[in-house]
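# Structural overview for review
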Amino acid sequence: MRLLVIDGQGGGVGKSLVQALKAALPRQEVLALGANAAATAAMLKAGADMGATGESAICYQCRKADIILGVMGLLQAHSMLGEISPAMAAAVSASPAEKVLLPMERCGLHVGGVGKQTLEQAIQGAVAKARELVEAGG
């Protein structure tokens, strides 16, 4: 399966997702896509198998993905301090991939029925869902 982790800004959330995915699914290839070079570098350092940066890479890879992981702001144009372009948000939204997204209220998106949780709890939940999807599809 083709797993994409998409992040921006400093890449901290993406880095944590990559580390947790590689621990839970050590043989699974993980592609890191950064809205900027710093985010891509952080995810590669965390163990991603490959990485690419920018709008073109994100838009292209979303078409080929099986699972996309990141924060909910990926669905919203101009989130992450403006790093997520309308084209990036549209590519994530339109992708046929399963989306496993973390509810981060910093992007101004709130999910009813989801209580407060730490970033670590959200990451563990996302990784558990990704593992379930990989095992069901692979």
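Described below are features of the structure shown in this document.

Cut-off values and rules
- Residues numbered from 1 in each chain as written.
- Predicted model: local features only at pLDDT ≥ 70, side-chain atom pairs only at ≥ 80, totals over all residues.
- Heavy atoms only, no water.
- Helix = DSSP H or I, 4+ residues; strand = E, 2+ residues; numbered from the N terminus.
- Rg over C-alpha atoms; globule rule 2.2 N^0.38 Å.
- Buried < 20%, exposed > 50% of the residue type's maximum accessible area, 1.4 Å probe, protein only.
- Contact = heavy atoms within 4.5 Å.
- Areas by Shrake-Rupley, 256 points an atom, 1.4 Å probe, with all protein chains shown as cover.
- Pairing = 2+ DSSP bridges.
- Right-handed = clockwise from strand over helix to strand, strands pointing away.
- Core = buried A, V, L, I, M, F, W, Y, C linked by side-chain atoms within 4.5 Å.
- Expected span 1.5 Å × (residues − 1).
- Axes fitted to C-alpha atoms, helices over the stretch in contact; angles between N-to-C directions.
- Parallel < 35°, antiparallel > 145°, perpendicular 65-115°, else oblique.
- Left-handed = near helix turned anticlockwise from the far one by under 90°.
- Nonpolar A, V, L, I, M, F, W, Y, C, P; charged D, E, K, R; others polar.

Moving on, we come to the overall build of the protein. Helix and strand content of the protein: five helices and five strands. Starting at the N terminus and ending at the C terminus, the protein contains elements arranged as β-α-β-α-β-α-β-α-β-α. In terms of overall dimensions, the protein is globule-like: its C-alpha atoms have a radius of gyration of 13 Å, near the 14 Å expected for 138 residues. Along the first, second and third principal axes, the C-alpha atoms of the protein reach 35 × 35 × 25 Å. Looking at the protein residue by residue over its 138 residues, the buried ones come to 48%. Summarising the internal contacts of the protein: among those between residues at least 6 apart in sequence, 69% fall at separations of at least 24. Looking at the protein as shown, the accessible area adds up to about 6700 Å², and 53% of this sits on carbon and sulfur atoms.

Another point: the pairing of strand S5 (residues 98-102). Of the pairings in the sheet, the one linking strand S4 (residues 67-71) to S5 comprises five bridges and is parallel in character. Within S5, the position partnered with leucine 69 by the bridge is valine 100. Where the polypeptide runs from S4 across helix H4 (residues 86-94) and back to S5, its parallel neighbour, the crossover connection is right-handed.

For the rest of this paragraph, the subject is the nonpolar core. In this structure, Leu17, Leu21, Leu69 and Leu102 are the most contacted members of the largest nonpolar core, which totals 46 residues. Sort the elements by how many residues they give to this core and helix H5 (residues 119-137) lands first, with seven residues. If sequence neighbours within four positions are ignored, leucine 69 has contacts with Leu3, Leu4, Val5, Ile6, Leu17, Leu21, Leu74, Val100, Ala126 and Ala130.

The next subject is helix H1 (residues 12-24). A rise of 1.5 Å per residue sets the reference length of H1, with its 13 residues, at 18 Å; its end C-alpha atoms lie 18 Å apart and thus fit the reference within 8%. Along H1, the residues classified as buried are Val13, Gly14, Leu17, Val18, Ala20, Leu21, Lys22 and Ala24. Looking at the buried positions of H1, the neighbouring elements they touch are strand S1 (3-7), strand S2 (30-34), helix H2 (37-45), S4, S5 and H5.

The subject of this paragraph is the environment of methionine 88. Turning to its location among the elements, methionine 88 is positioned in helix H4. When the C-alpha atoms of methionine 88 and histidine 78 are compared, they prove to be 9.5 Å apart, with 10 residues separating the residues in sequence. Those residues in contact with methionine 88 that lie beyond four places of it in its chain are Gly54, Glu55, Ile58, Cys59, Leu74 and Glu83.

Before going further, it helps to examine the packing of H1 against H5. Two elements in contact, H1 and H5, have axes separated by 10 Å at closest approach and are oriented at 45 degrees. With respect to each other, H1 and H5 are oriented oblique. For H1 against H5, the interelement crossing comes out right-handed. Seen from H1, the contacting residues are Val13, Ser16, Leu17, Ala20, Leu21 and Ala24; seen from H5, they are Leu119, Ile123, Gln124, Ala126, Val127, Ala130 and Arg131. Here the residues of the contact of H1 with H5 sort into 10 nonpolar, two polar and one charged.

Function cannot be inferred from these measures alone, as they are strictly geometric.
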